[in-house]
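Tertiary structure, described
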Amino acid sequence: MGAMLGDFVRGNKALARYDPATRLGIRLHRHIDTTTDSLPAVSDLLKGLQPPFRRYGGIIIDLVFDHELAKRWDAYSDLPLDRFDAGVREMLAANDHLVPERLRGFMRYADRRGLFEAYRRESEILHSLLGVGLRLSRANPLHRVGEIWSDFQPRVETCFEPVFAEIQSDVETWLKSKSAITGS
């Protein structure tokens, strides 16, 4: 639950309405985002983006990583992606009273688009980037990522596995440190 809420719950004050396990999941989501952004391989990807794309590189990289994970899902999980997807929806429905409206809106969009399985397709990532760009308050180039896709996506593809392995290791360490603190 916390992993899904991580992008939709802002500030530490808002955490108070959630149970300890969900708060931990939200904090883990935030930690993963911060750690990913600080990795040298991700920094190199960002530096490789030319203006005007570099300013929006975090958004681009995040969605292209989602694309790579969806494409490689079977290497990381025994649960098929469509079953995982259905499980996310079931979990959100069971906890509807905790779901912020912005997350509900995203899930309506996800249902219409067939996400998360659709993230396997380049066209869906480009469509998602277009949608993010339309929601931003300032003019941005997210609708033009297709122009750089053929150069950028292979670079992401090459670094995805080592970055993902590093994140998995970091998550394991982070979770152990939290269980040592909480005793659980």
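Structure shown above.
Residues numbered from 1 in each chain as written. Predicted model: local features only at pLDDT ≥ 70, side-chain atom pairs only at ≥ 80, totals over all residues. Heavy atoms only, no water.

**With respect to helix α4 (residues 57-71)**
Selection criterion: The helix count covers DSSP runs of H or I at least four residues long, the strand count covers runs of E at least two residues long, and both are numbered beginning at the N terminus. To estimate how far a helix should reach, multiply one less than its number of residues by 1.5 Å. Buried means the residue's accessible area, taken with a 1.4 Å probe over protein chains only, is under 20% of the maximum for its type, while exposed means over 50%, and partly exposed covers the values in between.
Taking 1.5 Å as the rise per residue, α4 with 15 residues should run 21 Å; its terminal C-alpha atoms sit 21 Å apart, in good agreement. Turning to α4, its buried residues number three or more, namely Gly57, Ile60, Ile61, Leu63, Val64, Phe65, His67, Glu68 and Ala70.

**A look at the layout of surface pockets**
The condition is simple: Think of a 1 Å grid over the protein atoms and nothing else: a 1.4 Å probe that fits but is trapped marks a cavity, an open set flanked by protein within 12 Å on at least five of seven lines marks a pocket, and residues with an atom within 4 Å of a point count as lining. Grid points are joined across faces, edges and corners, and a volume is the space filled by probe spheres set on the points. Residue classes follow a fixed rule: Ala, Val, Leu, Ile, Met, Phe, Trp, Tyr, Cys and Pro count as nonpolar, while Asp, Glu, Lys and Arg count as charged, and any other residue, Gly among them, counts as polar.
When its volume is computed, the largest pocket comes out at roughly 2200 Å³. Those elements that provide at least two residues to the lining of the largest pocket are α1 (2-5), α2 (20-38), α4, α5 (73-76), α6 (81-94), α7 (101-113), α8 (122-135) and α9 (146-182). Broken down by element, the lining of the largest pocket gets its largest block of residues, 9 residues, from α4. Residue classes in the lining of the largest pocket are distributed as 29 nonpolar, 9 polar and 8 charged.

**Let's talk about the packing of aromatic side chains**
Where we set the bar: By convention, a stacked pair of Phe, Tyr or Trp rings (six-membered ring in the case of Trp) has centres within 6.5 Å and planes under 30 degrees apart, an edge-to-face pair has planes over 60 apart, and any other such pair is tilted.
For the coordinates displayed, the defined rule picks out 9 aromatic pairs. With a centroid separation of 4.8 Å and an interplanar angle of 45°, the aromatic rings of Trp73 and Phe84 are classed as tilted. Note that Trp73 is positioned in helix α5 and Phe84 in helix α6, a separation of 11 residues in sequence. When its relative accessible area of 33% is taken as the criterion, Phe84 is described as partly exposed. Measuring from centroid to centroid gives 6.3 Å for Tyr76 and Phe160, while their planes differ by 75°, and the two rings are edge-to-face.

**Points about the nonpolar core**
As a reminder, the rule being used: Residue types Ala, Val, Leu, Ile, Met, Phe, Trp, Tyr and Cys, when buried and joined through side-chain atoms within 4.5 Å, form a set referred to as a nonpolar core. Residue contacts are counted whenever heavy atoms from the two residues lie within 4.5 Å of one another.
The biggest cluster of nonpolar side chains holds 51 residues, and the ones touching the most others in it are Ile60, Phe65, Leu92, Leu103, Val145 and Phe152. Take this core: its biggest share by element is 11 residues, from α9. If we ignore the near neighbours within four places in the chain, the residues touching Phe65 are Thr36, Val42, Leu45, Val156, Cys159, Phe160 and Val163.

**Considerations on the pattern of salt bridges**
Put simply, the rule reads: Each salt bridge in this description consists of a side-chain nitrogen of Lys or Arg and a carboxyl oxygen of Asp or Glu lying within 4 Å of one another.
Tallied over the entire structure, the rule returns 15 salt bridges. In this structure, the salt-bridge partner of Arg72 is Glu68, at a minimum N-O distance of 2.9 Å. Each member of the pair, Arg72 together with Glu68, is buried. Between Arg113 and Glu124 there is a salt bridge, and its shortest N-O distance comes to 2.9 Å. On the criterion of sequence distance, the pair formed by Arg113 in helix α7 and Glu124 in helix α8 is long-range, its members being 11 residues apart.

**Some thoughts on α7**
Since there are 3.6 residues in each turn of an α-helix, residues three or four apart along the chain are aligned in direction. For clarity, the threshold we go by: To be clear, the arc concerns the directions from the helix axis to the C-beta atoms.
In this model, α7 (13 residues) spans 18 Å end to end at C-alpha, consistent with the 18 Å of a helix rising 1.5 Å per residue. Taken together, the buried positions of α7 are occupied by Leu103, Met107, Tyr109 and Ala110. Buried residues of α7 fall within an arc of 160° about the axis and therefore sit on the same side. The elements touched by buried residues of α7 are α1, α6 and α8. Two residues or fewer after α7 comes Gly114, characterised by a positive phi angle close to 75°.

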